[in-house]
Amino acid sequence: MTPALCVTNLCVDYGTKRVLDNASLEAASGRITAIIGPNGAGKSTLIKAVMGLVPISSGDIQLLGHKADRRSRKQVAYMPQRTAVDWDFPASALDVVAMGLYADIGWGRPVRRRHLTEALTYLEKVGLADLAKRPIGQLSGGQQQRVFLARALAQKADLYLMDEPFAGVDAATEASILDILKGMKATGRTVICVHHDLQTVTDYFDDAIAFNIRTIASGPVKEVMTPEHLQRAYGGRLLMVAS
Amino acid sequence: MISYNTLIVLLGTGVLGIAAGLTGVFLLLRKRSLLSDAVSHATLPGIALGFLAALALGLDDGRHLPTLLIGAACSGIIGAGAVQWLKDHSRLSEDTAIGVILSSFFGLGIVLLSYIQTLGTGSRAGLDSFLLGQTAALTREEISVTAVMALTVIAAILILRKELTLLCFDPIFTAARGLSLRWLDMLLMALMLAVVCTGLKTVGLILVIALLIIPAATARLWTDRLSLMLILAPLTGGISAASGALISAYIAHMPAGAMIVLIAALFLAISFIIAPAHGLIHWRRRP
C-alpha cells in the first residue's frame, strides 16, 4: 500500500541555518502517526514544508502517491497550532468551521446558508453545536482547538496534518479529540500529528516518528518509544524521564 | 434646500466613506492600519512630481487630475514598498520603518511643493487642497472619478470578502489552501491605495487614514461579528464623510477633511461609551 506521506532527503534552510537535514520518512495510510522530538527539532517546519508553506532546499515529498503540489495538497487538510492565530477576531465558531469549506464553495463566491448548515454538522461532531454562534474569543482553549479540528474535518481530506492538536487542552478535551481522531481513522483517513507529550504517545498513536533535524526512528509506537531512540532524539535532556 | 451641486458632492464623498469603511475593516483585522498612514503621506512627492510633469507636458497648467493621481499612486506604492523593504532587510521593526518612510516622504513632498511655489505659475493653490481636502471646490469630473474608484473598491471587497477574511484570520491556513498570501496582501494594499488616492481631494492626504481606521474601529467596538462590522463601518464612514463635506460646504475656509474626521471620531467616542460588550458602560458594569 502506498504510504500517505513519503518524504525523501528533505532539506530546509532558514537563512544560513539548516533546520531539516536530509530528512526521510514515511507515514502509513489509514493510521494515526505521531511526530515527536524536542523543541527546535523541526517538526512544525517538516509539516509546513509538506504543505508548501516554507521553501525547500532539496528533496522530494509524495502525498498519497503523488508529488506534493497544489493539486495533491487539495487532498490534505492542515491544522495549524491554535496559537498561530489571534482569537480576538470578529467571527463565530461556525464562521471558522465554514472556512474549511471555502475551497469547495469556490474562490470569489459567497458563503450560503447550506454551507453553514454543513459546517454545523462538523461542529456537532466535535460536540460544540450549541456554541456555534459564540464569538471565538469567548471560547476556552480546548473549545478553540475543537473548532480548529471541526474546520479540518470540513475539508473532507484523505490526509490530515495537525500541529500539536493536544497542546494546552484539559483532559476531557484531550479524550474527545482522541475519539474524533480514532473516528477519522475508522473511515479510512490518515492522521499525522506533531505531538509533545511523550507519556501519551503509546496510548494515543499507532505509529511514531522520532525526529530531530532528521528521522531518528520510525514505525509502530512500541518499537519507536524505546529509551535508546528517545535518548538519541532528545539528547541528554531526556535522561531523567528515561531512567 | 441643498443645491444639486452640493448633493453630488455629498453622494461622492458618501460613497468614498463607504469604500473606506469597508477597506478599513480588513486593514484593521490584518493589523495594517498604520501602513495606510505611511502610504497616504508618501503620495505627496508623487502629487508634486505629477504636477511638474503635467506642467512640462502643458496639461491644464499642471492641475491635471489623472496625472496627479498617477503620481500619487506611484509614490504611494514606492512608500509601501520601502516600508516592506526596510522591515525585511534591516533590523528595524515595522512601526519604526513606517515612521521613517512617512516623515521622509512627506518632507520631500513639502520641499517639492515649496519649489513649485517659487516657479511663480500661481497654481500651487490647487495642490494645497490635497493636504487637507476641499470638497466644496470639487469639479464634476473629480466627483465622478471619486465615485467610480470607490464603487470599484466596494465591488472588489464584496466579491473577495471570504478570501480577505481568511487572510486576516489565519494566513498560514490561507497559504496551505493554495491561495497566495503575497497576492492577497497586494490586493488589500491596492484597495487601500485606491481609497487613499480617491480621498486625496476630499479628505486630504494628512487625514485620509482617519476615514480608513476610525469607522472600522467604531464598528469593532459594537460587534464580534464580521458581517455586522461590514455594515457598521461603511455606514459610519459614509455618514461621517457626507456630513463633514456638507458642514464644510456651508462654513467658509473649513477644511472638509478635518470636519469629516471629527464627526467620525465623535461616532467612535460615543461608541466607546455606550457600545454593548466592548463599551465603557458595559465594561464598568461587569462583575
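Reading the values: rules and limits
Residues numbered from 1 in each chain as written. Chains lettered and ligands numbered in written order. Predicted model: local features only at pLDDT ≥ 70, side-chain atom pairs only at ≥ 80, totals over all residues. Heavy atoms only, no water. Helix = DSSP H or I, 4+ residues; strand = E, 2+ residues; numbered from the N terminus. Rg over C-alpha atoms; globule rule 2.2 N^0.38 Å. Buried < 20%, exposed > 50% of the residue type's maximum accessible area, 1.4 Å probe, protein only. Areas by Shrake-Rupley, 256 points an atom, 1.4 Å probe, with all protein chains shown as cover. Lys, Arg positive; Asp, Glu negative; His and termini not counted. Charge placed at Lys NZ, Arg CZ, Asp CG, Glu CD. Pairing = 2+ DSSP bridges. Contact = heavy atoms within 4.5 Å. Axes fitted to C-alpha atoms, helices over the stretch in contact; angles between N-to-C directions. 1 Å grid on protein atoms, 1.4 Å probe; cavity = no way out; pocket = protein on both sides within 12 Å on 5 of 7 lines; lining within 4 Å. Points joined across faces, edges and corners; volume = space filled by probe spheres on them. pLDDT = per-residue confidence, 0-100. Patch = residues over 30% accessible without salt bridge, like charges linked within 9 Å, V, L, I, M, F, W, Y side chains within 5 Å. Salt bridge = Lys/Arg side-chain N within 4 Å of Asp/Glu carboxyl O. Buried area = accessible area lost by both parts, 1.4 Å probe. Polar contact = N/O pair within 3.5 Å; in protein donor to acceptor, adjacent residues only side chain to side chain.

So what's going on with the overall build of chain B? Residues and values would help.
Looking only at helices and strands, chain B features 13 helices and zero strands. Tracing chain B from N to C terminus, the helices and strands come up as α-α-α-α-α-α-α-α-α-α-α-α-α. Its C-alpha atoms give chain B a radius of gyration of 19 Å, near enough to 19 Å, the size a compact globule of 287 residues would have. For the C-alpha atoms alone, the extent of chain B along its principal axes is close to 65 × 55 × 35 Å. Across the 287 residues in chain B, those meeting the buried criterion constitute 53%. Accessible surface, chain B: about 12600 Å² in total, of which carbon and sulfur atoms supply 71%. Across chain B, 18 positive and 13 negative side-chain charges occur, with their mean positions spaced 10 Å apart.

Please give an account of the sheet that holds strand β1 (residues 5–14) of chain A that cites residues and values.
Residue and element names in this part refer to chain A. Ordered in space as β2-β1-β4-β5, the four strands form an open sheet in which the pairing is antiparallel. The outermost strands of the open sheet, each flanked by one partner alone, are β2 (17–27) and β5 (66–67). Bridge count between β1 and strand β4 (residues 58–63): five bridges; the pairing is antiparallel. By the bridge assignment for β4, T8 is matched with D60. Along the sheet, helix α1 (residues 43–50) makes contact with β1, β2 and β4, crossing β1 at roughly 110°.

I'd like a description of empty space enclosed by the protein, backed by residues and values.
Residue and element names in this part refer to chain B. This model, assessed by the stated rule, comprises one cavity of 30 Å³ or more. Taken as a whole, the largest cavity holds about 70 Å³ of empty space. Lining of the largest cavity is provided by L65, L69, E142, V145, T146, C197, T198, L200 and K201. Only α3 (65–89), α6 (140–159) and α9 (181–199) provide two or more residues apiece to the lining of the largest cavity.

Requested: an account of the side chain of B:T218, with residues and values cited.
Residues and elements named next belong to chain B. Take T218: it is sitting in helix α10 (residues 208–222). Since its relative accessible area comes to 2%, T218 is described here as buried. Among all residues touching T218, those that are not within four sequence positions of it are T236, A264, F267, L268 and S271.

Outline the confidence of the model for chain A, listing residues and values.
All names here are of chain A. Of the residues in chain A, 97% have a pLDDT of 70 or more, and the chain-wide mean is 89. Per-element averaging of pLDDT across chain A places helix α11 (residues 239–242) at the bottom with 47 and helix α3 (residues 93–99) at the top with 96. Across residues 239–243 the pLDDT falls below 50, and counting only partners more than four positions away or on other chains, this stretch makes one contact in the model.

I'd love a proper account of a nonpolar patch on the surface, names of residues and values included.
All names here are of chain B. On the surface, a cluster of nonpolar side chains totalling about 690 Å² of accessible area is made up of W222, L266, I270, F272, I273, I274, L280 and I281. Elements represented by at least two residues in the nonpolar patch include exactly α12 (256–274) and α13 (280–285). A total of five residues in the nonpolar patch trace back to one element, the largest contributor, which is α12. Here W222 is to be found in helix α10.

I'd like a rundown of the interface of chain B and chain A, residues and numbers included.
The interface is formed by 22 residues belonging to chain B together with 32 residues belonging to chain A. Approximately 2400 Å² of surface area, both sides summed, lies buried where chain B meets chain A, with 65% of it carried by carbon and sulfur atoms. Of all residues in chain B, the largest losses of buried area upon contact with chain A belong to B:K162, B:F169 and B:R177, amounting jointly to 34% of the total for that side. Along the contact surface separating chain B from chain A lie three salt bridges. A salt bridge links A:D88 to B:R220, with the nearest nitrogen and oxygen atoms 3.1 Å apart. In this assembly, chain B and chain A are joined by nine residue pairs in polar contact (both at pLDDT 80 or more). Where the side of chain B that touches chain A is concerned, the elements lending two or more residues are α7 (161–169), α8 (171–176) and α11 (226–250) of chain B. Top element by residues in the side of chain B that touches chain A is α7(B). It accounts for six residues.

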